[in-house]
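As a plain string of letters, each chain reads:
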Amino acid sequence: MMICNKLVLRAFGLPITLVMIQMAFTVGFLCLFPSSLHFGSLRDVLRWSLTIPFLFTLMLATSMLALDYASMGALVVVRNVAPLVSMAIEGLFGEKVAIDAHSVASLLSIIGGVFLYVSHDLTFSPVGLGYMLSNMIFSVLERLLQRKMIALEPIDVSKTGMMMLNNAFALIPMGLLLYAKGEHRQWHQLRQLAGPQWALLGLSCVNAVGISWAGINAQVYVTATTFMVLTNLNKFVVIGFGMFILHESRSWQAVCGCVVALSGGVWYAMSRSAPAKPADSAGKAPVPAGK
């Protein structure tokens, strides 16, 4: 998805327009399967529609703008500090966050790797960093609220119904953002797209449907922190594509920073998924006589 988006953005450079095309495609696709759409009550629909689509808009917009201002490698590597953001926000939301020596050490290695990479990324910019950090905050907030309404306090709306509400309602604030950025005055650039670029745009729309479906269903099984870590661990190929095909930063310092940051992400994921050790029998309270 990131590779498709980056290539399309290089062709016409309209990030908000691209997101809106993908949203509209998702809504149209879901309309082909009306039997899968279920909206149990107006209260549940409003609970979802008045919160999640707004964060969904901010998450997608900042992600696309970050991709427009920075390299794919920078976006992938910097996102590895997302566990720090998600742990802080999860703590505020009352979710249990376990911290141990392995978690701390892995997070420190992530931070060190990120710093090493961005300090040798020629296309890295403060504006891009700002969008990346904003994207992490909005992503965690959206995942936490989704998880609450899907797994903790379930609402009576089908998964495809949630996708429909996300993409349909998000078109409104996304349209306002598009108008504010003046992208509607640049739509003539769409006529410059060649056949392969239209194919990439279509592929990104198909990917948008799949990612939206997978993202909603994942909330049933994992916390926001785990979700953020897992989404970062499949990015080695993306970084390699950026380095060797798009000629992004590939100095030895950038490569080392990338490896350290992503390896730290793997280490952190393993430390978070390790089963808790059983309590020491010697530390158990004695059983009263006669019990």
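Scroll up for the structure.
What counts and how
Just so you know, the residues in each chain are numbered from 1, in the order the chain's sequence is written. Totals for whole chains, interfaces and linings use every residue, but because this is a predicted model, local features are given only for residues with pLDDT of at least 70 and side-chain atom pairs only at 80 or more, for both listing and counting. As a convention, hydrogens and water are excluded, and side-chain values are obtained from all of the structure's heavy atoms. Put simply, DSSP marks the helices as runs of H or I at least four residues long and the strands as runs of E at least two long, and each gets a number from the N terminus on. A 1.4 Å probe rolled over the protein chains alone gives each residue an accessible area, and that area as a share of the maximum for its type sets the label: buried under 20%, exposed over 50%, partly exposed in between. By the convention used here, residues are in contact when the closest approach between their heavy atoms is within 4.5 Å. Computed with a 1.4 Å probe, the accessible areas rest on the Shrake-Rupley method; for each residue, only the protein chains presented here act as cover. Between Lys or Arg on one side and Asp or Glu on the other, a salt bridge is scored when a side-chain nitrogen of the former is within 4 Å of a carboxyl oxygen of the latter. Here a pair means two rings of Phe, Tyr or Trp (six-membered ring of Trp) with centres within 6.5 Å. Their orientation is stacked below 30 degrees between planes, edge-to-face above 60, and tilted elsewhere.

Draft legend 1. Highlighting the overall build of the chain. Along the backbone of the chain there are 13 helices and zero strands. Helices (α) and strands (β) of the chain occur, in sequence order from the N terminus, as α-α-α-α-α-α-α-α-α-α-α-α-α. Residues counted as buried form 46% of the 291 residues belonging to the chain. When contacts within the chain are restricted to residue pairs at least 6 apart in sequence, those whose partners lie at least 24 apart make up 89%. For the chain, the computed accessible surface area is about 14300 Å², with 70% contributed by carbon and sulfur atoms.

Draft legend 2. Main features of the pattern of salt bridges. A full pass over the atoms with the stated rule returns three salt bridges. For Glu-153, the salt bridge identified is with Arg-47, shortest N-O distance 3.8 Å. Taken together, the residues Glu-153 in the loop between α8 (126-152) and α9 (159-181) and Arg-47 in helix α3 (residues 42-49) connect sequence positions 106 residues apart. Judged by relative accessible area, which is 23%, Arg-47 ranks as partly exposed. For Glu-142, the salt bridge goes to Arg-143, with nearest N and O atoms at 3.6 Å. Comparing Glu-142 with Arg-143, the two get one shared label, buried.

Draft legend 3. The packing of aromatic side chains, seen in detail. By the definition in use, this model includes two aromatic pairs. On the numbers, 5.3 Å between centres and 55° between planes, the contact of Phe-29 with Phe-33 is tilted. With a relative accessible area of 33%, Phe-29 lands in the partly exposed category. Ring geometry for Tyr-69 against Tyr-131: centres 5.6 Å apart, planes inclined by 40°, an arrangement best described as tilted.

Draft legend 4. Fine view of the environment of Asn-207. On the secondary structure map, Asn-207 appears in helix α10 (residues 195-218). Look at Asn-207 and you get partly exposed, because its relative accessible area is 24%. With 185 residues separating them in the primary sequence, Asn-207 and Gln-22 have C-alpha atoms 8.9 Å apart. Apart from the residues within four sequence positions on either side, Asn-207 is in contact with Met-1 and Cys-4.

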